[in-house]
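# Survey of secondary and tertiary structure
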Amino acid sequence: MSEEHKESPESISRRKFIRNTGFTVGGLAVGGILGSLLTRQDKDSNNGKKDTHAEAGNFNEALMYFTPEQFRITEAITERIFPEDDLGPGAKGLGVAYYIDHQLAGDWGFNAREYMQAPFFVGEKVQGYQGRLKRRNIFDIGLREIQNHSMAVYKKNFTDLKGEEQDAILKDFEGDKIQLTTISPSGFFQMLRSATLEGAYSDPLYGGNRNMDGWKMRKYPGSQMAYTTIIDKDFQEVKPQSLKSHMNH
Amino acid sequence: MARKLPKVDVVIIGVGWAGGIIASELTKKGLKVVGLEKGKERKTEDYFMVHDELRYALRYEMMQDLSKETITFRSNEKIRALPMRQYGSFLIGDGLGGSGVHWNGQTFRFLPYDFQIRSQTIEKYGPNKIPADMTIQDWGITYDELEPYYDTFEKMAGISGEENPLAGKRSSKYPTPALKKTKAMELFTDAAKKLKLHPYVQPAANLSESYTNPDGISRAACQYCGYCERFGCEYGAKGDPVVTVIPVALKTGNFEIRTHSNVRRILKTGDKTSGVIYIDETTGEEIEQPADIVVLTGFVFSNVKLLLLSNIGTPYDPNTGKGSVGKNYAYQVRKGNAVGFFDKKKFNNFAGAGALGMILDDYNGDNFDHTDLDFIHGGMIILGQTGQRPIQNNTVPKGTPSWGPEFKKTSLKYANSVLTVGGEGSSMAFRHHFLDLDPVYKDEYGDPLVRITYDFEDQDRNMAKFLASKCADILKEMGADQVDYMQELGPYDVASYQSTHNTGGVIMGSDPSTSAVNSYLQMWEMDNLFVVGASAFPQNAGYNPTGTVGALAYRAAEGILKYRDAGGQVV
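Right, let's walk through the structure included here. Only a predicted model underlies this, so the values are computations on that prediction, with no experimental measurement involved.

## Remarks on the overall build of chain B
Counting its regular elements, chain B contains 12 helices and 23 strands. At 23 Å, chain B has a C-alpha radius of gyration in line with the 25 Å of a compact globule built from 571 residues. Dimensions of chain B along its principal axes, counting C-alpha atoms only, are 70 × 55 × 50 Å. In chain B, which comprises 571 residues, the proportion classed as buried is 67%. For chain B, long-range pairs separated by at least 24 residues make up 75% of all intrachain contacts whose partners lie at least 6 apart in sequence.

## Let's talk about the pairing of strand β12 (residues 285-296) of chain B
All names here are of chain B. Of all the 12 residues making up β12, 9 are buried; the element is thus mostly covered by neighbouring parts of the structure. Where strand β1 (residues 3-4) and β12 come together, 2 bridges link them in parallel fashion. Across the sheet, the residue bridging to R3 is I287, located in β12. Taken together, the 5 bridges between strand β2 (residues 8-13) and β12 define a ladder with parallel strand orientation. If you follow V11 over to β12, its bridge partner there is V294.

## Examining the packing of aromatic side chains
For the structure shown, the criterion picks out 44 aromatic pairs over all chains. Ring centres of Y115 of chain A and Y441 of chain B lie 6.3 Å apart, and the angle between their planes is 70 degrees; on these two criteria the pair is classed as edge-to-face. Separated into two different chains, Y115 of chain A in the loop between α7 (107-110) and α8 (135-154) and Y441 of chain B in strand β18 (residues 434-442) make up a pair that spans both. The pair Y115 of chain A / Y441 of chain B is uniform in exposure class, with both members buried. A ring pair is formed by F456 of chain B and Y492 of chain B, whose centres lie 5.6 Å apart and whose planes are at 85 degrees; its orientation type is edge-to-face. Pair noted here: F456 of chain B is in the loop between β19 (448-453) and α11 (458-477) and Y492 of chain B is in the loop between β20 (482-485) and β21 (503-505), with a separation of 36 residues, a long-range link. Assigned by exposure class, F456 of chain B and Y492 of chain B land together as buried.

## Describing the interface of chain A and chain B
Counting residues at the interface gives 71 residues for chain A, matched by 71 residues for chain B. Counting across the chain A and chain B interface gives 2 salt bridges. Note that E198 of chain A is salt-bridged to R59 of chain B, the shortest N-O span being 2.7 Å. Seen at the junction of chain A and chain B, the total is 40 residue pairs in polar contact (both at pLDDT 80 or more). The set of elements that each furnish at least two residues to the side of chain A that touches chain B consists of α4 (68-81), α6 (96-104), α9 (163-174), α10 (185-201) and α11 (213-217) of chain A. It is α10 of chain A that contributes the most residues to the side of chain A that touches chain B, 5 residues altogether. A class-by-class count of the residues in the side of chain A that touches chain B yields 36 nonpolar, 17 polar and 18 charged.

## Observations concerning the side chain of H433 of chain B
Residues and elements named next belong to chain B. Of note, H433 is situated in the loop between β17 (418-425) and β18. A relative accessible area of 2% means that H433 is categorised as buried. Side-chain polar atoms of H433 contact the side chain of E457, separated by 2.7 Å. Setting aside residues no more than four positions away along its own chain, H433 makes contact with N328, Y329, M428, T453, Y454, D455 and E457.

Rules used in this analysis
- Residues numbered from 1 in each chain as written.
- Chains lettered and ligands numbered in written order.
- Predicted model: local features only at pLDDT ≥ 70, side-chain atom pairs only at ≥ 80, totals over all residues.
- Heavy atoms only, no water.
- Helix = DSSP H or I, 4+ residues; strand = E, 2+ residues; numbered from the N terminus.
- Rg over C-alpha atoms; globule rule 2.2 N^0.38 Å.
- Buried < 20%, exposed > 50% of the residue type's maximum accessible area, 1.4 Å probe, protein only.
- Contact = heavy atoms within 4.5 Å.
- Pairing = 2+ DSSP bridges.
- Phe/Tyr/Trp six-rings, centres within 6.5 Å; stacked < 30°, edge-to-face > 60°.
- Salt bridge = Lys/Arg side-chain N within 4 Å of Asp/Glu carboxyl O.
- Polar contact = N/O pair within 3.5 Å; in protein donor to acceptor, adjacent residues only side chain to side chain.
- Nonpolar A, V, L, I, M, F, W, Y, C, P; charged D, E, K, R; others polar.

Structure below.
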């Protein structure tokens, strides 16, 4: 694991924000949603990391669309799809759930540039997506159904399951092993999978690929102006750059 | 009532490669030309933030907004066509320069065989070699006749490359030297030579050095940044209408471009067109632009749609085989591929250019004997180094899970150690592959969408398997530790990306009863209307189409000038 990753400002602002704003004084005063966040933050802080540097202040790491529960389920799912390992962070460490949240809040979530006119018919597989639901509706329903299936099988919240149990739930969706009337379980799973890769590898501008760690793990140099000096050479590692670096020019 | 503007000499519908070339050639001769473009203006400065895979490659920044207009698709006439609600199989370009902005720059000349495929196939293999429902046709023009126009296009765009040893004769060399050869390309070259094949560096519109073209346009060299396909070029190094032919036309003072101008009808007066009706999309106003000559230079679907909506030409009827507008829709069979995984080699997969790669044509056209094969034609084989961007390139060996710890580990391991060798299969025309207007689904103005009826045939399935196994042989020779290759082509799927090489619908030929336009792309049924683009291909070759579209556009420009001088049919 790279040094950069160890220093990545994981879960930065929420915990500190909450701690610093006085909402947590006594903790109990807020209860409800914030209370559950705090509990979870305490768990997160048990992974031995020290707050060695000042608050990074990434104002982007807040929610535009998800409820906190949807966010937590998404974070847990995407981490199973793209887990942390000795090569580097997983989806959670890369901020993938923030990425997905932000995408759902915009054009992608609204299917804004897609043909959504009636009439809707069930088509052949080769005719592509024919549903009337927009991605944000599919996420609302899909995450709820993940939770329902988890309760039905294990009598626990998805986020409280062991890793292997979470995988079993996801495999049921991936393989259309459960019956849903509203959405395609496998379609939803594929959407989660693609969105996870997008969040891991898109420019950090979009809220994922935190600290360019997604790129670093695969030695992808991000946005470079030229490769004229290495194009005909053997493999070469190039220090990655994000689009932000172009803003200085 | 539409507001009527003063008449101009020529109105062009769609300002991409075809429209740009025709505008530059006609305005140089003093004709007054108006270019109507339904998308927005584009310029090199737009691409300051272009190295953004999500925005351009996955969210289709440069593509037509499907909420306004799409196509519908069905595999055959028995099932209900449904709209392509999201992008998949192909991407429809939008804006000034059209698909000529977001293309890769792969610039080929079709083989002499391609232009005379029907007659040469029958001559060599007998009439029974062509299945009864395969409606391939000769183009009404030979390679040698088209060669000078290829030459003009290549010099204008600054195409680089190595001479193809298995192709038609060239009147001159490529105007610029071949691009640099990567390690992967060298490996492919050595392996192909060992297999007694004929590899050459791909002809490219990504400039290998700074270049000034015959029109006096100077452009900078490609930097191998790895962002071509689906992206615009921030250097102007990629040959694109916006940095080549459009400025030439504008400089004459005879060309006016109107963006956000969506043409809805071509006006018909007797057997001539008198101009077009379009909507100014910024105001919603309906405007009539009269013209002496109308040139339809949209993408395949726009060309067919406007002809059908305007009642121009004879619509194709798949039951009788009569009529021509919508006939012989074809595509590209692009799935006959092999993937090689190297355990001990790493390549600069992140770097590249859209048309950087090695090609061989030993299995293309009729360059190999088909006597004992269950298909005709074939396709080029390519090892491309276009730049493997990370979201879309996570290929893992067969049997690897598609998510979870093993997927992550394996996809990272091979990120710079996987190479693809692909077959770019030709696409033959069939009687029941066609375009018409959908009876149900509408565009933003209430006009019907174009409906595609298309599927792969035995011809395609057999050819793709053949190409895939040849690709696998090459990768094995290259030393790949594992080689996976396509086993079965499966049905045509509009939801998975293959290529934007859609062709046909307004095909060219020498016989008005079997084609829509003559060899100058002039409508047989309307002398002052020219329809230019890949819509003119009677079937598609085993190459990318743009070089041929460019050549045809130069020829059409010549035809338009002939018509202007002499009138009538110019052939």
